[in-house]
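What follows is the residue order along each chain.
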Amino acid sequence: MKTAITEMFGIEHPIIQGGMHFVGLAEMAAAVSNAGGLGIITGLTQKTPGDLANEIARCRDMTDKPFGVNLTFLPTVNAPDYPGYVRAIIEGGVKVVETAGNNPQAVLPYLKDAGIRVIHKCTSVRHALKAQSIGCDAVSVDGFECGGHPGEDDVPNFILLPRAADELEIPFVSSGGMADGRSLVASLAFGAAGMNMGTRFIATKEAPVHDNVKQAILAASELDTRLVMRPLRNTERVLNNAAVERLLEKERELGADLKFEDIIEEVAGVYPSIMREGEMDRGAWSCGMVAGLVYDIPTCRELIERIMRQASEIIDRMDTLRRA
Ligand SMILES: Cc1cc2nc3c(=O)[nH]c(=O)nc-3n(C[C@H](O)[C@H](O)[C@H](O)COP(=O)(O)O)c2cc1C
């Protein structure tokens with residue numbers, strides 16, 4: 001399938017694997033890229049710019065297809081060395097960067113000068129328009145359903161995507177709640193030129209995470225995520241567990257007085273124990289409502305090929321309906 005996104009990024013299928021903390025390692029990105037999608041290494045999972053440079057080199061050893069790097073600008077406990085990460089990306093010859101979390105204006109000139117395509121992930125039409133106005137090449141429009149940070153507007157993709165299509169001139173992909181060929185055809189119907197998936201890609205054979213994480217996604221239904229940190233205006237959609245229940249109890253007790261320090265134990269530095277060691281109750285970890293649509297753990301190639309096959313069957317069926 002050819003769309004503005006496959007052409008822009010030089011990929012076969014219009015499917016992107018969004019950056020994911022402690023999931024978006026070289027193995028994940030290479031598996032998605034080798035299957036014809038766009039795999040993305042999560043920049044900040046690498047402790048230093050030097051570590052990111054190594055991860056980019058490792059990924060290049062595993063694939064000769066295009067892959068990207070995610071740069072997330074979120075409130076973090078200690079500000080990362082963003083200029084260093086940008087240098088590692090440029091010197092590593094990466095051609096696509098997914099920015100997220102905040103306005104990427106400060107890094108954009110460096111990336112653009114190096115000939116890097118920038119896709120900015122955002123959760124509202126106004127932020128998508130801002131990204132377009134500062135020179136991003138594309139946007140990833142992340143609806144309220146998404147795993148991770150859905151923003152504070154709570155607009156689901158049935159509204160957000162067509163609204164984005166009505167306003168934007170640059171190409172965009174849908175993000176949040178995407179799982180299969182139906183998601184892809186619906187995204188195209190809404191005006192997107194492809195789709196971005198997070199949660200669905202964690203439940204794959206190649207995802208470099210503990211099997212407990214994959215099994216937790218498999219076991220979860222669409223009712224099992226919770227929104228945390230809303231009082232801090234840093235809302236995150238996570239899979240419910242004992243730590244999340246505790247965190248939500250603190251939010252209820254402290255109300256408007258809640259501070260980050262109050263919940264630090266449930267949210268800060270918990271990813272390595274969860275993703276590597278499989279300690280599922282160690283803290284809050286991002287997961288989308290789409291967990292309810294995850295029924296198996298295929299390889300990335302099986303998943304992507306199945307999505308493309310199902311999408312083309314649906315399109316054929318629609319064509320038959322039109323002719324009837
Ligand atoms: C475990 C996990 C970690 C994530 N970490 C990041 C991150 O570090 N940076 C980022 O921009 N997005 C992150 N995301 C969001 C994804 O890139 C993607 O936008 C989101 O998962 C899409 O929604 P879906 O899960 O419904 O597919 C994360 C998502 C998950 C599930």
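Given the structure is predicted, the values throughout are model-derived calculations rather than measurements.

Describing the site of the ligand
Part 1 of the argument: Around the ligand lies a shell of 29 residues, among which Gly-18, Ala-100, Gly-147, Gly-198 and Gly-288 are the nearest.
Part 2 of the argument: Secondary structure elements with two or more residues in the shell around the ligand: strand E3 (67-72), strand E8 (195-197) and helix H9 (199-202).
Part 3 of the argument: Across the shell around the ligand, the residue classes tally to nine nonpolar, 16 polar and four charged.

Notes on helix H11 (residues 242-254)
Each full turn of the α-helix corresponds to 3.6 residues, which orients residues three or four apart in the same direction.
Part 1 of the argument: Between the first and last C-alpha of H11 there are 19 Å, a value that for 13 residues agrees with the 18 Å anticipated at 1.5 Å per step.
Part 2 of the argument: Those residues of H11 that sit buried are Ala-243, Val-244 and Leu-247. The arc that holds every buried residue of H11, seen down its axis, measures 95°, which confines them to one face. Facing away from the buried side of H11, by more than 90 degrees, are the exposed residues Ala-242, Glu-245, Glu-249, Arg-252 and Glu-253.
Part 3 of the argument: Packed against the buried residues of H11 are strand E9 (225-228), strand E10 (236-239) and helix H12 (264-267).
Part 4 of the argument: Of the residues flanking the end of H11, it is Gly-255, one or two places downstream, whose phi is positive at about 55°.

A look at the sheet that holds E8
Part 1 of the argument: Taken in spatial order, the eight strands make up an open sheet running E1-E8-E7-E6-E5-E4-E3-E2, and their pairing is parallel. Looking at the sheet topology across the chains shown, the edges are occupied by strand E1 (15-17) and strand E2 (39-42). In this sheet, neighbouring strand axes are inclined to one another by 30° on average, regardless of whether the strands run parallel or antiparallel.
Part 2 of the argument: Against the sheet, helix H6 (residues 125-134) makes contact with strand E5 (117-122), strand E6 (138-142) and strand E7 (172-175), and its axis sits at roughly 165° relative to E5, the strand it touches most.

Quick word on the domain arrangement of the protein chain
Part 1 of the argument: As assigned here, the protein chain comprises domain 1 (4-207) and domain 2 (211-289).
Part 2 of the argument: When each unit is reduced to the centre of its C-alpha atoms, the spacing between domain 1 and domain 2 is 23 Å.
Part 3 of the argument: Taken together, the contact pairs 20 residues of domain 1 with 17 residues of domain 2.
Part 4 of the argument: Its residues placed into classes, the side of domain 1 that touches domain 2 shows nine nonpolar, nine polar and two charged.

Looking at the nonpolar core
Part 1 of the argument: If you look at the biggest cluster of nonpolar residues, it comprises 93 residues, and the most contacted ones within it are Ala-29, Ile-41, Val-97, Val-139, Phe-172, Ile-202 and Ile-217.
Part 2 of the argument: Residue contacts for Val-97: discarding those within four places in its chain leaves Gly-68, Val-69, Leu-71, Ile-89, Leu-111, Ile-116 and Val-118.

Some details on the environment of Asn-234
Part 1 of the argument: Relative to the elements of secondary structure, Asn-234 occurs in the loop between E9 and E10.
Part 2 of the argument: Once the C-alpha coordinates of Asn-234 and Gly-101 are considered, the two residues, 133 residues apart in sequence, prove to be 9.8 Å apart.

Some remarks on the pairing of E3
Part 1 of the argument: With six of six residues buried, E3 is to be regarded as a mostly interior element.
Part 2 of the argument: Burial along E3 is two-sided: Phe-67, Val-69 and Leu-71 facing one way and Gly-68, Asn-70 and Thr-72 facing the other are all buried.
Part 3 of the argument: Across four bridges, the pairing between E2 and E3 is parallel. Of the residues in E3, the one forming a bridge with Ile-40 is Gly-68.
Part 4 of the argument: Once the chain exits E2 it traverses helix H3 (residues 49-62) before rejoining the sheet at E3, and the crossover so formed is right-handed.

Describing unusual backbone geometry
Part 1 of the argument: Phi at Phe-22 is positive, roughly 60°, even though this residue is not glycine.
Part 2 of the argument: Residue position: Phe-22 is located in the loop between E1 and helix H2 (26-34).
Part 3 of the argument: For Phe-22, a count of 19 C-beta atoms within 10 Å gives the class partly exposed.
Part 4 of the argument: Even without being glycine, Met-229 reaches a positive phi, approximately 65°.
Part 5 of the argument: Turning to its location among the elements, Met-229 is positioned in the loop between E9 and E10.

Thresholds applied
Here the residue numbering is sequential within each chain, running from 1 through the sequence in written order. Note on the predicted model: pLDDT of at least 70 is required for a residue's local features to be given, and 80 or more for side-chain atom pairs to be given and counted; whole-chain, interface and lining totals, by contrast, use all residues. Defining nearness, a residue is near a molecule or strand when the C-beta atom obtained from its backbone falls within 6 Å of it. Here a helix means four or more residues in a row that DSSP labels H or I, a strand means two or more in a row labelled E, and each is numbered from the N terminus. Residues were grouped as follows: Ala, Val, Leu, Ile, Met, Phe, Trp, Tyr, Cys and Pro as nonpolar; Asp, Glu, Lys and Arg as charged; and all remaining residues, including Gly, as polar. Here the expected length of a helix is defined as 1.5 Å per residue gap, with one fewer gap than residues. Put simply, a residue is buried when 20 or more other C-beta atoms lie within 10 Å of its own C-beta and exposed when 12 or fewer do; between those, it is partly exposed, and each C-beta is set from the backbone. Directions from the helix axis toward the C-beta atoms define the arc. What counts as a contact is two residues whose backbone-derived C-beta atoms lie within 7 Å of each other. A pair of strands counts as paired when DSSP detects no fewer than two bridges linking them. Axes here mean lines fitted to C-alpha atoms, for a helix over just the part in contact, with angles spanning 0 to 180 degrees between N-to-C directions. Boundaries of every domain are those given by an automatic assignment or by a domain database. Each nonpolar core reported here comprises buried Ala, Val, Leu, Ile, Met, Phe, Trp, Tyr and Cys residues connected via C-beta atoms within 7 Å. A crossover counts as right-handed when, viewed with the strands pointing away from the observer, the path leading from the first strand over the helix to the second turns clockwise.

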